[in-house]
Number of protein chains: 2
Amino acid sequence: MALLVCKFGGTSLATPERVQAVAKKLVAYHRQGERVVAVVSAMGKTTDDLLALAKSVNPHPPARELDRLLATGEQASMAVLAMAIEALGVHSTSLSGRQAGIMTTTVFSRAQISEVRADRINEELDCGRIVVVAGFQGITPKGDITTLGRGGSDTTAVALAAGLQADLCEIYSDVAGVYTADPRIVQRASKLANISYEDMLELAAAGSGVLQMRSVELARNFGVTIYCRSAFSADVGTYVREGKAMEESIVTGIVSDLSKAKVTLRGVPDRVGLAAELFGTIADGGVLVDMIVQNISEFGLTDISFTVPKSELSRLEPILDKLVQILGVRGFIVAEDVAKISVVGAGMQSSPGIAAQMFKVLANCGVNLDMIATSSIRISVVVGAAGVEQAMRELHTAYGLDSDSDFADTHLTAAELEAKMTKGR
Amino acid sequence: MALLVCKFGGTSLATPERVQAVAKKLVAYHRQGERVVAVVSAMGKTTDDLLALAKSVNPHPPARELDRLLATGEQASMAVLAMAIEALGVHSTSLSGRQAGIMTTTVFSRAQISEVRADRINEELDCGRIVVVAGFQGITPKGDITTLGRGGSDTTAVALAAGLQADLCEIYSDVAGVYTADPRIVQRASKLANISYEDMLELAAAGSGVLQMRSVELARNFGVTIYCRSAFSADVGTYVREGKAMEESIVTGIVSDLSKAKVTLRGVPDRVGLAAELFGTIADGGVLVDMIVQNISEFGLTDISFTVPKSELSRLEPILDKLVQILGVRGFIVAEDVAKISVVGAGMQSSPGIAAQMFKVLANCGVNLDMIATSSIRISVVVGAAGVEQAMRELHTAYGLDSDSDFADTHLTAAELEAKMTKGR
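Starting from 1, residues in each chain are numbered consecutively following that chain's sequence as written. As a convention, the first chain written is A and the first ligand written is 1, with the rest following in written order. It should be noted that, the model being predicted, local features are given only for residues of pLDDT at least 70 and side-chain atom pairs only at 80 or more, the latter also being counted only at that level, while totals for whole chains, interfaces and linings use all residues. The basis for the side-chain values is all heavy atoms of the structure; hydrogens and waters are excluded.

Would you mind going over the overall build of chain A with me for this structure?
For helices the rule is a DSSP run of H or I covering at least 4 residues; for strands it is a run of E covering at least 2, with both sets numbered from the N terminus onward. On a plain count of helices and strands, chain A comes out with 12 helices and 20 strands. For 425 residues, the compact-globule estimate of 2.2 N^0.38 gives 22 Å, and chain A sits close to it at 23 Å. C-alpha atoms of chain A, sized along the principal axes, occupy 75 × 55 × 35 Å. Exposure classes here rest on a 1.4 Å probe applied to the protein chains alone. A residue is buried below 20% of its type maximum, exposed above 50%, and partly exposed in between. Out of the 425 residues in chain A, the part that is buried amounts to 55%. Counting only contacts in chain A whose residues sit at least 6 apart along the sequence, the fraction spanning at least 24 positions is 74%. Note that accessible areas follow from Shrake-Rupley with a 1.4 Å probe, and for residues the cover is restricted to the protein chains shown. As displayed, chain A offers around 17900 Å² of accessible surface, 51% of which is attributable to carbon and sulfur atoms. Counting 40 positive and 48 negative side-chain charges, chain A places the centres of these two groups 3 Å from one another. Note on method: radius of gyration uses C-alpha positions; expected globular size equals 2.2 Å times residues raised to 0.38. Here, residues are in contact when the closest pair of their heavy atoms is within 4.5 Å. For this count, His and the chain ends are skipped, Lys and Arg are scored as positive, and Asp and Glu as negative. To locate a charge, take NZ of a lysine, CZ of an arginine, CG of an aspartate or CD of a glutamate.

Sorry if this is basic, but what is going on with the pairing of strand 1 (residues 3-8) of chain A here?
One face of the sheet, then the other: side chains in a regular strand alternate in exactly this way. Residues and elements named next belong to chain A. Along strand 1, 6 of the 6 residues are buried, which leaves the element largely enclosed by surrounding structure. Neither face of strand 1 is exposed, since Leu3, Val5 and Lys7 on one face and Leu4, Cys6 and Phe8 on the opposite face are all buried. Note that strand 1 and strand 2 (residues 35-40) share 6 bridges and pair parallel. The residue bridging lysine 7 from the neighbouring strand is valine 39, located in strand 2. Call a crossover right-handed when, viewed with both strands pointing away from you, the route from the first strand across the helix to the second goes clockwise. Considered for its hand, the β-α-β crossover made up of strand 1, helix 1 (residues 16-31) and strand 2 is right-handed. Note on pairing: two strands pair once DSSP finds at least 2 bridges between them. One ladder, built from 5 bridges, connects strand 1 with strand 9 (residues 168-173); its direction is parallel. Looking at the pairing, cysteine 6 lines up with glutamate 170 of strand 9.

Looking at this structure, how should I read the relation of the copies chain A and chain B?
For these two chain copies, the linking operation is a rotation about an axis paired with a shift along it. For the match of chain A to chain B, the screw axis carries a shift of 0.1 Å, the RMSD comes to 0.1 Å, and the turn is 179°. Taken together, these values place the two copies in the relation of a two-fold axis. Ranked by how close their C-alpha atoms come to the rotation axis, the residues of chain A are headed by Thr72(A), at 2.6 Å. Least-squares superposition aligns the copies on the C-alpha atoms of those residues with pLDDT at or above 70 in both.

Even after reading the chapter, I still don't get the packing of aromatic side chains, so can you show me in this structure?
How two aromatic rings sit relative to each other is set out by the distance from centre to centre and by the angle between their planes. Each Phe, Tyr or Trp ring (for Trp, its six-membered ring) is paired with any other whose centre lies within 6.5 Å, and the angle between the two planes then decides the class: stacked below 30 degrees, edge-to-face above 60, tilted in between. Tallied over the entire structure, the rule returns 6 aromatic pairs over all chains. Look at Phe8(B) and Tyr172(B): their rings are 4.5 Å apart centre to centre, the planes differ by 15°, and that puts the pair in the stacked class. Of this pair, Phe8(B) sits in strand 1 (residues 3-8) while Tyr172(B) sits in strand 9 (residues 168-173); the two residues are 164 residues apart in sequence, bridging distant segments of the chain. Comparing Phe8(B) with Tyr172(B), the two get one shared label, buried. Ring-over charges, as used throughout, are those where CZ of Arg or NZ of Lys falls within 6 Å of the ring centre and within 35 degrees of the ring normal. For the cation-ring pair, Arg241(A) lies above Tyr239(A), with the distance from its terminal atom to the ring centre recorded as 4.3 Å.

For this particular structure, what's the right way to read helix 8 (residues 274-284) of chain B?
Given 3.6 residues per helical turn, the α-helix brings residues three or four places apart onto the same face. Residue and element names in this part refer to chain B. Every buried residue belonging to helix 8 is among Leu274, Leu278, Phe279 and Ile282, and all of these are buried. Here the buried residues of helix 8 occupy an arc of 115° about the axis, which is enough to place them on one side. Residues of helix 8 that are exposed and point over 90 degrees away from its buried face: Ala276 and Asp284. Along its buried surface, helix 8 packs onto strand 14 (260-269), strand 15 (292-294), strand 16 (301-309) and helix 9 (313-327). Arc, as used here, means the arc of the directions from the helix axis to the C-beta atoms.

How do you make sense of the interface of chain A and chain B when you look at a structure like this?
You'll often see interface size given as the accessible area lost when the parts meet. On the side of chain B, 41 residues touch chain A, which itself brings 41 residues to the contact. As used here, buried area is the combined drop in accessible area, with a 1.4 Å probe, of two parts when they are placed together. The junction of chain A with chain B conceals about 3000 Å² of combined surface from both sides, 60% of it contributed by carbon and sulfur atoms. Looking at the side of chain A facing chain B, the largest losses of area belong to Val57(A), Glu65(A) and Met83(A), adding up to 22% of the total buried there. Each salt bridge in this description consists of a side-chain nitrogen of Lys or Arg and a carboxyl oxygen of Asp or Glu lying within 4 Å of one another. At the boundary of chain A with chain B, the tally comes to 5 salt bridges. We note a salt bridge from Lys142(A) to Glu123(B), for which the minimum N-O separation is 3.9 Å. Within 3.5 Å is the distance limit for a polar contact, defined as a pair of N or O atoms, with the added protein rule that one can donate a hydrogen and the other accept it, and that residues adjacent in sequence qualify only through two side-chain atoms. Where chain A touches chain B, the interface holds 16 residue pairs in polar contact (both at pLDDT 80 or more). Contributing elements (two or more residues each) for the side of chain A that touches chain B: helix 1, helix 2 (46-57), helix 3 (63-87), strand 3 (92-95) and helix 4 (119-126) of chain A. Counting residues per element, the side of chain A that touches chain B draws most heavily on helix 3 of chain A, which supplies 16 residues. For this classification, Asp, Glu, Lys and Arg are treated as charged, while Ala, Val, Leu, Ile, Met, Phe, Trp, Tyr, Cys and Pro are nonpolar and the rest, including Gly, are polar. Of the residues contributing to the side of chain A that touches chain B, the split by class is 20 nonpolar, 11 polar and 10 charged.

Sorry, what's going on with a negative patch on the surface here?
A surface patch of like charges, here negative, comprises Glu317(A), Asp321(A), Glu336(A) and Asp337(A). Position of Asp321(A) relative to the elements: it lies in helix 9 (residues 313-327). Two joining distances apply to patches: 9 Å for like charges and 5 Å for nonpolar side chains (Val, Leu, Ile, Met, Phe, Trp, Tyr), and every residue must have over 30% relative accessible area and no salt bridge.

So what exactly am I meant to see when it comes to the sheet that holds strand 2 of chain A here?
In sheet architecture, strand pairing relies on hydrogen bonds along the backbone and comes in two forms, parallel and antiparallel. Residue and element names in this part refer to chain A. Strand order in the open sheet made by the 8 strands is 3-6-2-1-9-11-12-10, with mixed pairing throughout. Each of the sheet's edge strands pairs with one partner strand only, and the pair in question is strand 3 and strand 10 (194-195). Set on the sheet, helix 3 makes contact with strand 2, strand 3 and strand 6 (130-134); between it and strand 6 the angle comes to about 165°. All axes here are fitted lines through C-alpha atoms, helices being fitted over the stretch that makes contact, and every angle between N-to-C directions spans 0 to 180 degrees.

Help me out: how do you make sense of the sheet that holds strand 10 (residues 194-195) of chain B in this one?
Residues and elements named next belong to chain B. A sheet is described by the order of its strands in space; here 8 strands give the open sequence 3-6-2-1-9-11-12-10, paired in mixed fashion. Of all the strands in the sheet, the pair left with one neighbour each is strand 3 (92-95) and strand 10. By the bridge criterion, 3 bridges tie strand 11 (residues 226-230) to strand 12 (residues 238-240) in an arrangement that is antiparallel. Bridge pairing links tyrosine 227 to tyrosine 239 in strand 12. In this fold helix 1 (residues 16-31) packs onto strand 1, strand 2 (35-40), strand 6 (130-134), strand 9 and strand 11, with an angle of close to 175° to the strand it touches most, strand 1.

What is the right way to read the packing of helix 8 of chain B against helix 9 of chain B from this model?
Geometry of a packed helix pair, given as the angle between the helix axes and the separation of the axes. Residue and element names in this part refer to chain B. Direction vectors running N to C along helix 8 and helix 9 enclose 150°, while the axes themselves pass 10 Å from each other. In terms of orientation, helix 8 and helix 9 fall into the roughly antiparallel class. In the packing of helix 8 onto helix 9, the handedness of the crossing is right-handed. Contacts from Leu274, Glu277, Leu278, Thr281 and Ile282 of helix 8 reach helix 9 at Leu316, Ile319, Leu320, Leu323, Ile326 and Leu327. Residues that form the contact of helix 8 with helix 9 fall into these classes: 9 nonpolar, 1 polar and 1 charged. When an angle is under 35 degrees it counts as roughly parallel; over 145 it counts as roughly antiparallel; between 65 and 115 it counts as roughly perpendicular; any other value is oblique. Handedness of a crossing follows from how the near helix is turned relative to the far one, being left-handed for an anticlockwise turn of less than a right angle and right-handed for a clockwise one.

Please explain unusual backbone geometry as it appears in this structure.
Peptide bonds are, in most cases, trans, and in most cases residues other than glycine have a negative phi. The phi angle at Ser109(A) is positive, at roughly 75°, despite the residue not being glycine. Along the chain, Ser109(A) turns up in the loop between strand 4 (102-104) and strand 5 (113-116). Judged by relative accessible area, Ser109(A) falls into the partly exposed class, the value being 33%. A positive phi is found at Gln165(B), a non-glycine position, where the angle reads about 50°. By the secondary structure assignment, Gln165(B) is in the loop between helix 5 (152-163) and strand 9.

Please explain the side chain of Thr146(B) as it appears in this structure.
Residue and element names in this part refer to chain B. Note on placement: threonine 146 falls in strand 8 (residues 145-147). Since its relative accessible area comes to 0%, threonine 146 is described here as buried. The residues contacting threonine 146, other than those within four sequence positions of it, are Asp67, Thr104, Thr105, Phe108, Ala111, Phe136, Gln137, Gly138, Ile139 and Thr140.

I keep staring at the confidence of the model for chain A and nothing clicks. Help me out?
The predicted coordinates should not be examined in detail at positions where pLDDT is low. Residue and element names in this part refer to chain A. Summing up the model confidence of chain A, the mean pLDDT is 89 and the portion of residues at 70 or higher is 93%. Considering only residues more than four positions removed or in separate chains, one finds that residues 407-414, a stretch of pLDDT under 50, has 21 contacts. You can read pLDDT as the predictor saying how much it trusts each residue, on a scale of 0 to 100. Note that residues 420-425 has pLDDT below 50 and, in this model, 5 contacts with residues that lie over four places away or in other chains. Among the prediction metrics, the complex's ipTM stands at 0.80, with pTM recorded as 0.83.

Can you help me understand the packing of helix 10 (residues 354-364) of chain A against helix 11 (residues 388-398) of chain A in this one?
All names here are of chain A. Interaxial distance between helix 10 and helix 11 falls to 9 Å at its minimum, and their mutual angle equals 140°. In this view, helix 10 runs oblique relative to helix 11, as classed from their interaxial angle. The hand of the helix 10/helix 11 crossing is right-handed. Two secondary-structure elements touch here, helix 10 through Gln357, Met358, Val361 and Leu362 and helix 11 through Ala391, Glu394, Leu395 and Ala398.

Help me out: how do you make sense of the pattern of salt bridges in this one?
Side chains bearing opposite charge may pair, as long as their charged atoms lie close to each other. Tallied over the full model, the rule gives 39 salt bridges over all chains. Of the charged contacts, one joins Glu124(A) and Lys142(B) as a salt bridge, the two residues approaching to 4.0 Å between their closest N and O atoms. Pair noted here: Glu124(A) is in helix 4 and Lys142(B) is in the loop between strand 7 (137-139) and strand 8, and the two residues belong to different chains. When its relative accessible area of 6% is taken as the criterion, Glu124(A) is described as buried. In this structure, the salt-bridge partner of Arg378(A) is Glu202(A), at a minimum N-O distance of 2.5 Å. Taken as a pair, Arg378(A) in strand 20 (residues 378-384) and Glu202(A) in helix 6 (residues 197-206) lie far apart in primary sequence, 176 residues in all. Accessibility expressed as a relative area gives 17% for Arg378(A), which makes it buried. You can call Glu202(A) buried: its relative accessible area is 15%.

Dropping the structure here:
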């Protein structure tokens, strides 16, 4: 008898019919004799709607109240799913983050899970019930509700899988697994059967949206096996786990990310501690910096470039205006029409020439390199946004990742996939 | 420094603008130096929408999950109101039923409040914050969320007022107070400045929708003064409290109720214990019986009539079919085209002839009496529905309740009232 944690995203629960389809899946597991814990996000666009409601009464809603409001989304969807399970003749209990024993830090809107107290869940499972837990939320020592930040339901699922020592943590979404590249751009992308935690972390860091980085880190730290799969088909997905099968492939995947802007500080005095002061101030302003590149200095001045989410530029620019004055920097330039391309693979550590090959392909596509940064298993470059799709396809071919056939299915919207699935029943 | 509990219904919170208007009211009290606790219902039609969602996945949703789902409505509106208050520069904390210490029995969907543990509320008030509490919900000893049944937010407000020893419990709604009759029917109805608990209880029992009977009972038991007033105007409302000022008037109000059906059991064997068996079985079926009338028996057989909500007829009829067979009753007749008219007033106890006067007015209007039932301070009759409005107006005049002027305002919808209020600012 295995213990399964199954997480369902908002798209998978957007309508009563989809909730009923999820209930069927869970009941099927239960009838096979498994112990089943489901983790749910809010239905459809509920979280966005609640956020808009909050802003309509207060442009800067206090974090505690905002968390309290957003948490109702998952609390509603958990109850609705439990009802749908009961309608199929299997007993089910829904539990809020509090009732499920998800203890967090007192940092509203991006709390960290500190502990899982799983007594109540185990008690309900022992009674033969399917347990449905609200994702994305927990509770502070004082008893206030917190949320875990965007994508937090993945983190809830992995934390519960760790706390319950589950055999598997299934993440159901409208993405059918982890691909060698985004199939909407690279038609011959192939779905990976397995990926290591390290490669998955680098893909997530590079901008792949399949899994939240925090949840992958948590899975690695506690040895939780994740299975990413489609909520709308029975196709095989991708296992994320200790990476032995991966050693033979050098490049695991290629990711492009158009959500970042490039910022360059010109004429920065080259003195000890300046970078620390610069990025410390930016971090204090709550802006998340991604890649950082600094060139060698000339005449005691240097240039520093970094990337940030485009959505944070409006917050960043006033901070930079001040820093330029304080630090005696010549000025800064913002470029929004850029893309980040990353090549990821644990095999790169022992395989020279991967970077050279990447630069050569990009040059052949006429793409100029603005920034380069590497880790031991990832190479990321920032380039002009034009020509990126073509470059992605060329890189995919060059690294021998092309599958034999186009993955046409992956171009379907969630609704089309569902229609297809319904037809196939 | 007074402590005020202010309850707002769903209509008063239906839009962001209305939420902001409520926030302004509360902040004004706060700035006067009062300690303020607000109790909120779910915004607008949220509860109905959630109920429909539940039914769409399960026609008979389990009560625990339904309560959990419905409770999210008040939890969302409390957070939104707290945000709106903060936007006005006053600190506010929202508390769920659990956090506010509303302990209940473990009877899902119609739980009773067993205790109020007000430590957290007092703590927040001591910090100078406006506390917003989710109405309609509480928590079982095991930690599961319960709801208190329709109109339960009134009960929450009164229970909190009792637990906190508040100076006043204000109930804001789209009804501007308690009237001598429904002003939509009787144009010359007048708003009462005061009404005793007893008279208010009888009006509520007779079908007046201003306050829930349970909340009035609770207020009477704990000596809580209730002030019913409009959420959309600053007009004076009605105080519900120990009734000394009321003694001079004989009739306090007249209520008509078209929501009931009359059921008559024909040829019931007149034996000891039969009524107990009959109404015991109906109660076990969850049907709420209102008036019961039995005539003297003839030849060992009698007729029993009673009224039930029309909405419960579909549940009642199969129960009656069985009872007719088991008890040897000849059959039953259901009449839906009926109305109940009640005349209420504590002064009736020492004032003979009130009933005779009522019957005379009804006879003059050509209205025939089907059933009569009286308590010490109420006379209720069931009549055919035709001509009831005319009869209401005649009774209002006969008991000397007519005001000097028509209350045209009371015909406005909530939106019209609000528009008027906005104009008047």
